[in-house]
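Structural overview
Here's the letter readout for the chains.
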Amino acid sequence: AECVSGCVCPEDLFDDGKGGCVEEKDCPCIHNNQWYSPGQKITVDCNTCTCQKGVWSCTEYVCYGTCMIYGSGHYITFDGKFYDFDGSCEYAATQDFCGDKNSSSSFSIITENVPCGTTGVTCSKAIKMFLGVKLKLENKDYKEIQRDIGDDVHYWNRTVGLYLVIEASNGVMLIWDKKTTVFIKLTPDYKGKVCGLCGNFDDKSNNDFTTRSGLQETNALKFGNSWKQSSMCPDVTQEIKPCDVKPHRKSWAEKECSIIRSEVFKICHSKVDPIPFYEACVHDACSCDSGGDCECFCSAVAAYAQECTKAQACVFWRTPDIC
């Protein structure tokens, strides 16, 4: 093997990627353009990988799926599709009754979206969880609205930092920042068995735009409209671009949101693409023009920071001056 330094390693030695020759047991591994020494471990989602003889050896647990809804109509499905939808209505975020007449729904999560700001974009104002028991999360708190007789689904709530966590015995978890960010987590049992704005959780993002009637869509607006809960709500007919509506806010928004693309988050850039999160941040910073400017910006940066943490790139970005 040829070393980086130009020397030739003897037959029983290997290039270590740094210009030296080592025995096979001392070969390093590479992940996201970073080198790791033999025996070092990294976490990828819910699995642990160990560097052994230049190759990653990983546990093979099946992990929770996560859907994120945040800010002014931004969605990341269970399968990682990133899209925007600014509907003003109640929508099925996810449910496990998807048209099969022989099954009954064991859960559904509804997001109530309302206009925020004057540009026409919408935010999630409240969340409803139907687990046999019906919960509503609104105004920084949650309450139990009704409970079905004979209901055998139990749930627990706890507060973790800024977030309220609702965890149910049927493998559904909801994490809410008490503002406009919601994480929905499902156990692998639901793979391919759910539908709604969060997609179908089948590990393929190209079929996430499946409408309520089961058709494949390419247009986010038509897909989103199909999941509204009431036919009385108007359909969304065009994508809203708040920076075009409020051009005087654009330069401020770009300046504030540049933190996502800056050195502060450098450790994360190779693990989670910052561009869609930066664009979503600028979108939100332009649209929040009726108070709460900083709250919208902070939520957008926090969404990127959360994805970085999931990818094992923990970034301490909040300061006394920033959020």
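Quick summary incoming for the structure in this document. (Residues numbered from 1 in each chain as written. Predicted model: local features only at pLDDT ≥ 70, side-chain atom pairs only at ≥ 80, totals over all residues. Heavy atoms only, no water.)

**Observations regarding the sheet that holds strand β6 (residues 47–52)**
So the rule is basically this: Any two strands with at least two DSSP bridges between them are considered paired. Helical segments are the DSSP runs of H or I of at least four residues, strand segments are the runs of E of at least two, and each set is numbered from the N terminus. Angular values range over 0 to 180 degrees, each being the angle between N-to-C directions of two axes fitted as lines to C-alpha atoms, with helices fitted over their stretch in contact.
An order of β5-β6-β7 is seen for the three strands of this open sheet, with the pairing classed as antiparallel. In this open sheet, the two edge strands, each paired with only one partner strand, are β5 (41–44) and β7 (55–58). Averaged over all pairs of adjacent strands, the angle between their axes in this sheet comes to 35°, without regard to strand direction. Taken together, the four bridges between β5 and β6 define a ladder with antiparallel strand orientation. Bridge pairing in β6 links Lys-41 to Thr-50.

**Describing the sheet that holds strand β17 (residues 163–168)**
If you trace the seven strands from one edge of the open sheet to the other, you get β10-β9-β8-β19-β18-β17-β16, paired in antiparallel fashion. Whereas interior strands pair on both sides, the edge strands pair on one side only; in this sheet they are β10 (82–84) and β16 (155–160). Sheet twist, expressed as the mean angle between neighbouring strand axes with direction ignored, is 15°.

**Description of the environment of Glu-24**
Condition: Note on classification: 1.4 Å probe, protein chains only; a residue is buried when its accessible area is under 20% of the maximum for its type, exposed when over 50%, partly exposed between these limits. Should any heavy atoms of two residues lie within 4.5 Å, those residues are counted as being in contact.
Turning to its location among the elements, Glu-24 is positioned in the loop between β2 (21–22) and β3 (29–31). The exposure class assigned to Glu-24 is partly exposed, which follows from its relative accessible area of 41%. Measuring from C-alpha to C-alpha, the distance between Glu-24 and Phe-14 comes to 6.3 Å, with ten residues separating the pair along the chain. When residues no more than four places from it in sequence are discounted, the contact partners of Glu-24 are Phe-14 and Lys-53.

**Considering unusual backbone geometry**
In this structure, Asp-203 takes a positive phi of about 70° despite not being glycine. For Asp-203, the location among the structural elements is in the loop between β19 (182–186) and α1 (220–226). Owing to a relative accessible area of 55%, Asp-203 belongs among the exposed residues under this scheme. With phi around 55°, Cys-323 is a residue other than glycine that occupies positive phi space.

**What about the packing of helix α3 (residues 250–257) against helix α5 (residues 275–287)?**
Stated precisely, the cut-off is as follows: Working definition: roughly parallel below 35 degrees, roughly antiparallel above 145 degrees, roughly perpendicular at 65 to 115 degrees, and oblique for all remaining angles. The handedness criterion is simple: a crossing whose near helix is rotated anticlockwise from the far helix by less than a right angle is left-handed, and one whose near helix is rotated clockwise is right-handed. Charged means Asp, Glu, Lys or Arg here, nonpolar means Ala, Val, Leu, Ile, Met, Phe, Trp, Tyr, Cys or Pro, and polar covers whatever is left, Gly included.
One way to put it is that α3 packs onto α5 with a least axis distance of 8 Å and a crossing angle of 135°. Classified by the interaxial angle, the pair formed by α3 and α5 is oblique. The chirality of how α3 crosses α5 is right-handed. Each of Lys-250, Trp-252, Ala-253, Glu-254 and Cys-257 in α3 lies in contact with α5, whose residues at this interface are Tyr-278, Cys-281, Val-282, Ala-285 and Cys-286. Classifying every residue of the contact of α3 with α5 by side-chain character gives eight nonpolar, no polar and two charged.

**A short note on the pattern of salt bridges**
Definition in use: Salt bridge, as applied in this entry: a Lys or Arg side-chain nitrogen positioned within 4 Å of an Asp or Glu carboxyl oxygen.
Scanning all chains against the criterion turns up eleven salt bridges. Its salt-bridge partner being Glu-167, residue Arg-158 comes within 3.1 Å of it at the nearest N-O pair. Taking the relative accessible area as the measure of exposure, Glu-167 reaches 23% and is therefore partly exposed. With its nearest N and O atoms 3.6 Å apart, the salt bridge here joins Lys-204 to Asp-202. Taking the relative accessible area as the measure of exposure, Lys-204 reaches 45% and is therefore partly exposed.

**What about the pairing of β6?**
From the end of β5 to the start of β6, which pair antiparallel, there are two residues, and Asp-45 there has a positive phi angle of about 55°. Between the antiparallel neighbours β6 and β7 lie two residues, among them Lys-53 with a positive phi of about 55°.

**A look at the state of the cysteines**
Quick reminder of the rule: What counts as a disulfide here is a pair of cysteine sulfur atoms lying within 2.5 Å.
Tallying each qualifying case throughout the model produces twelve disulfides. Disulfide pairing places Cys-98 opposite Cys-195 at an S-S distance of 2.1 Å. On the S-S bond that ties Cys-98 to Cys-195, the torsion sits near -100°, and the link is left-handed. Of the two residues, Cys-98 is situated in the loop between β11 (90–95) and β12 (108–115) and Cys-195 in the loop between β19 and α1; the sequence distance between them amounts to 97 residues. Overall, the relative accessible area of 37% leaves Cys-98 in the partly exposed class. Linked covalently through their sulfurs, Cys-298 and Cys-323 form a disulfide whose S-S length is 2.0 Å. Residues Cys-298 and Cys-323 are joined through a disulfide that is left-handed, its torsion about the S-S bond being -95°. Taken as a pair, Cys-298 in helix α6 (residues 293–310) and Cys-323 in the segment after α6 lie far apart in primary sequence, 25 residues in all. A relative accessible area of 13% means that Cys-298 is categorised as buried. With relative accessibility at 35%, the residue Cys-323 sits in the partly exposed group. The thiol sulfur of Cys-27 is not disulfide-bonded, and the nearest other cysteine sulfur, from Cys-51, lies at 8.4 Å. Of all cysteine sulfurs in the structure, the one in Cys-308 sits closest to Cys-314, which takes part in no disulfide; the separation is 9.3 Å.

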